[in-house]
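Close look at the chain arrangement
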Amino acid sequence: MPHAEIKYSNDLQIDSAAILQEIEAVIMRHDSGAGACKGRAYPTGEFHHTHVTVSVALLVKAHRDEAFSNALLAELEQRVSALIKSPCAFSLGLQYSSPFYVTRNHTP
């Protein structure tokens, strides 16, 4: 169950829902068994320099090696950047959760 977060300066016109959908689609192209990508966007009016930071987190799996990670990161950078129409500082990070991480659907 991957997770994605977008943090950005609110002076940018960003379609965060489209970016989150594209992140999920890219992940699924590289790993069809990854599952739905949970996503959130955080625009902020308090910032120093216009910027976008995207973080994508996945669970550690044997097939998610260096080659997989580099290919995924490269496509994410290309696809997400294409959806940002204004000049800004851009950061994108791919992280892997530790083995001591729980993710599941919660039903009270």
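Our structure's up above, just so we're on the same page.
Residues numbered from 1 in each chain as written. Predicted model: local features only at pLDDT ≥ 70, side-chain atom pairs only at ≥ 80, totals over all residues. Heavy atoms only, no water.

**Focus: the packing of helix α1 (residues 16-30) against helix α2 (residues 66-82)**
- Orientation of α1 relative to α2, taken along the N-to-C sense of each, is 150°, at an axis distance of 10 Å. Relative to α2, the element α1 is oriented roughly antiparallel. Crossing angle aside, the handedness with which α1 passes α2 is right-handed. Facing Ile-19, Glu-22, Ile-23, Val-26, Ile-27, Arg-29 and His-30 of α1, the residues of α2 in contact are Phe-68, Ala-71, Leu-72, Glu-75, Leu-76, Arg-79 and Val-80.
- Each residue belonging to the contact of α1 with α2 can be placed in one class, and the counts come to nine nonpolar, one polar and four charged. (Axes fitted to C-alpha atoms, helices over the stretch in contact; angles between N-to-C directions. Helix = DSSP H or I, 4+ residues; strand = E, 2+ residues; numbered from the N terminus. Parallel < 35°, antiparallel > 145°, perpendicular 65-115°, else oblique. Left-handed = near helix turned anticlockwise from the far one by under 90°. Contact = heavy atoms within 4.5 Å. Nonpolar A, V, L, I, M, F, W, Y, C, P; charged D, E, K, R; others polar.)

**Let's talk about the environment of Ser-86**
- Relative to the assigned elements, Ser-86 resides in the loop between α2 and β4 (89-97).
- Note on Ser-86: relative accessible area 31%, which makes it partly exposed.
- The spacing of Ser-86 and Gln-13 is 73 residues in sequence and 7.6 Å in space, taken between C-alpha atoms. (Buried < 20%, exposed > 50% of the residue type's maximum accessible area, 1.4 Å probe, protein only.)

**A short note on the sheet that holds β4**
- One open sheet accounts for four strands, arranged β2-β1-β3-β4; its pairing is mixed. The open sheet has two edge strands, β2 (38-44) and β4, and neither has a second partner. Recorded for the sheet is a direction-independent mean angle of 10° between the axes of neighbouring strands.
- The strands that α1 touches are β1 (3-9), β2 and β3 (51-59); relative to β1, the one it contacts most, it runs at about 145°.
- Contacts between α2 and the sheet are confined to β3 and β4, with β4 contributing the most and set at about 145° to the helix. (Pairing = 2+ DSSP bridges.)

**Some thoughts on the environment of Thr-103**
- By the element assignment, Thr-103 lies in the segment after β4.
- On the basis of relative accessibility, which here comes to 26%, the residue Thr-103 falls in the partly exposed class.
- For the pair Thr-103 and Met-1, spaced 102 residues apart in sequence, the C-alpha to C-alpha distance is 7.0 Å.
- For Thr-103, the residues in contact, after removing those within four places along its chain, are Met-1, His-3 and Leu-59.

**Structural notes on the pattern of salt bridges**
- A complete count under the given rule lists six salt bridges for this structure.
- A salt bridge links Glu-22 to Arg-29; the shortest N-O distance between them is 3.4 Å.
- Glu-75 is the partner of Arg-29 in a salt bridge, and the nearest nitrogen-oxygen pair spans 2.7 Å. With Arg-29 in helix α1 and Glu-75 in helix α2, this pair connects stretches of sequence that are 46 residues apart.
- We classify Glu-75 as buried; its relative accessible area is 17%. (Salt bridge = Lys/Arg side-chain N within 4 Å of Asp/Glu carboxyl O.)

Keep in mind that these numbers describe shape and distance, not what the molecule does.
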